[in-house]
Structure formats: C-alpha cells, structure tokens
Amino acid sequence: MPYGDAMTTRTRSEARRAEIVRATLEVIAERGYRGASLAAVAERVGLTQQGLLHYFPTKEALLVAVLKERDQWDAVPDTQWRADLLASLVEYNAMRPGIIQTFSALLGESVTEGHPARDFFTRRYVAVRANMARVLRAEYGERLPSGLTPERAAPLLVAVMDGLQYQWLLDPESVDMPAAFRDFLTLLGED
C-alpha cells in the first residue's frame, strides 16, 4: 500500500472513531450511562455492533474515549484557572447529568484491579491535583488561611467537587451542587 493510502486510511479511521465518540455522547445524553449500549451507538453511526468493536473493543474502552473527549472540552490552560472559574465548571457540570453520570460510574468501577479506565483516572487525578494546587497557590500563596499548603488542600478540593457530583446524581432535588460548591469556596475564604 502506498504511503498516501495508509495516511488516508488512518485519517478515515480517526474520523470514524471521532464520529463514534460523538454519537456515544449523544446516546449517553439521551439515555444515560446504563442505556448507552454498544448496539445503540452502532445503530447511530450506521455500523453493526461487531463493526463498532473494530474501533473500540469494549464498552469500557469506548467510554474512556468519551471521558478523554470530555476532558478536552473542559480543558482550560493551567494559567487561566481561578477559584471562581471552578464554580463555573461545577455549574456547567450540573447541565450535563449524562456525562457526569458516565464519569462517576466509570470512576467508581475503575478502583478495581485491571479495570480499563483505572490508568486513565490515576493519571487524570495526578494532573488534576497539580492543577488545583496551582489554582490555590495563585489565589492564596504558599499557605491557605487554614495554614494548609496548596498541595495539601488540592486533594480536598478535588474530593469536594467529585463528592458533590455523587450526591447530586443520587438526589438532585436535595443537593444544589453549584450552591454547595460556592459554600465550600466561602469556607476557603473566597468572596
């Protein structure tokens, strides 16, 4: 096969994978995490389920690709994150229950050995904690009002964000995720 044909094939394959990821996001938004079957996604993109498995060998592999895509959408250059923007991110997440449900379900499952999303989440949390430490350092310097360093407070900030998501998913009528996060920022000393 000539080099140009290989590039065209790779480009088509990448475009097809991107189409499948977009379709998966649509199906999740419509049906939720549990309703997002491989068959529903395959039908959406005009493939058989076996054809879909050519691009993503398991539902978990497809959902990890969706999570990576979600992270690309949410990506903000590290130098632009501020504590008040974190509150906006929480508000934005409250408008995407299907995506948040998928993220949370995979996160919970990923703590088991051998889960296909485990490495993704492990690497993601290393980066997220480092980013949150930078946000806290930019806001408070080397010590927060409580005396904690940004590195010590960063895992707590991430835990609040993720913990609120779980509580909100379980009982959205009782948990106002954006308001609760703003309350947490008040505890940190934000106006």
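Along each chain, the written sequence defines residue order, and numbers are assigned to residues from 1. Restriction of local features to residues with pLDDT of at least 70 applies here, the model being predicted, together with a cutoff of 80 or more for giving and counting side-chain atom pairs; totals for whole chains, interfaces and linings are based on all residues. Water and hydrogen atoms play no part in the side-chain values, which are based on all heavy atoms of the structure.

> Tell me about the layout of surface pockets, residues and numbers included.
Where empty space is left in the structure can be found by rolling a water-sized probe over the atoms. What the second largest pocket holds in volume is close to 150 Å³. Of the two site types, the cavity is a set of points on a 1 Å grid over the protein atoms alone where a 1.4 Å probe fits but cannot get out, and the pocket is an open set with protein on both sides within 12 Å along at least five of seven lines, each lined by residues with an atom within 4 Å of a point. Every residue along the wall of the second largest pocket is listed here: Arg17, Ala18, Val21, Arg22, Phe56, Val64, Ala65, Lys68 and Glu69. A run of H or I in DSSP becomes a helix once it reaches four residues, and a run of E becomes a strand once it reaches two; helices and strands are each numbered from the N terminus. For the lining of the second largest pocket, the secondary-structure elements that each account for two or more residues are α1 (3-35) and α4 (59-74). When grouped by side-chain class, the residues that make up the lining of the second largest pocket number 5 nonpolar, no polar and 4 charged. Grid points are joined across faces, edges and corners, and a volume is the space filled by probe spheres set on the points. Residues are grouped as follows: nonpolar covers Ala, Val, Leu, Ile, Met, Phe, Trp, Tyr, Cys and Pro; charged covers Asp, Glu, Lys and Arg; every other residue, Gly included, is treated as polar.

> Can you tell me about the environment of alanine 153, naming the residues and giving the values?
Of note, alanine 153 is situated in helix α8 (residues 150-170). Think of it in three bands: residues with accessible area under 20% of the maximum for their type are buried, residues over 50% are exposed, and the middle band is partly exposed, with areas taken using a 1.4 Å probe on protein chains only. By relative accessible area, alanine 153 is classed as buried at 6%. In this structure the C-alpha to C-alpha distance between alanine 153 and arginine 143, which are 10 residues apart in sequence, comes to 9.5 Å. Note on contacts: a residue pair is in contact if any heavy atoms of the two residues lie within 4.5 Å. Filtering out sequence-adjacent residues up to four positions away, alanine 153 remains in contact with Leu136, Leu144 and Leu148.

> Help me get a handle on the packing of helix α6 (residues 97-109) against helix α7 (residues 118-140), residues and values and all.
A fitted line through C-alpha atoms serves as each axis, taken over the contacting stretch for helices, and the angle formed by two N-to-C directions is quoted from 0 to 180°. Remark: α6 packs on α7, axes separated minimally by 9 Å, with the N-to-C direction vectors making an angle of 105 degrees. What the angle tells us is that α6 and α7 run roughly perpendicular. Contacts between α6 and α7 pair Phe103, Leu106 and Leu107 from the former with Phe121, Arg124 and Tyr125 from the latter. In the contact of α6 with α7, the residues fall into 5 nonpolar, no polar and 1 charged. Comment on the angle field: the value is read as roughly parallel under 35 degrees, roughly antiparallel over 145, roughly perpendicular from 65 to 115, and oblique elsewhere.

> How would you sum up the packing of aromatic side chains? Please name residues and give values.
Ring pairs are drawn from Phe, Tyr and Trp, using the six-membered ring of Trp, whenever the two centres fall within 6.5 Å, and their geometry is named by plane angle: stacked under 30 degrees, edge-to-face over 60, tilted for the rest. All told, the structure shown has 3 aromatic pairs when counted by the stated rule. Ring geometry for phenylalanine 103 and phenylalanine 121: centres 5.4 Å apart, planes at 75 degrees, overall edge-to-face. Note that phenylalanine 103 is positioned in helix α6 and phenylalanine 121 in helix α7, a separation of 18 residues in sequence. Overall, phenylalanine 121 belongs to the buried group, its relative accessible area being 3%. Between phenylalanine 120 and phenylalanine 121 the ring centres are 5.1 Å apart and the planes differ by 75 degrees, which places this aromatic pair in the edge-to-face class. Here phenylalanine 120 and phenylalanine 121 have matching classes, each one buried. The rule is short: NZ of Lys or CZ of Arg within 6 Å of the ring centre and within 35 degrees of the ring normal puts a charge over the ring. The residue whose ring lies beneath arginine 124 is tyrosine 125, and the NZ or CZ to ring-centre distance is 5.8 Å.

Nothing here speaks to function; it is all geometry.
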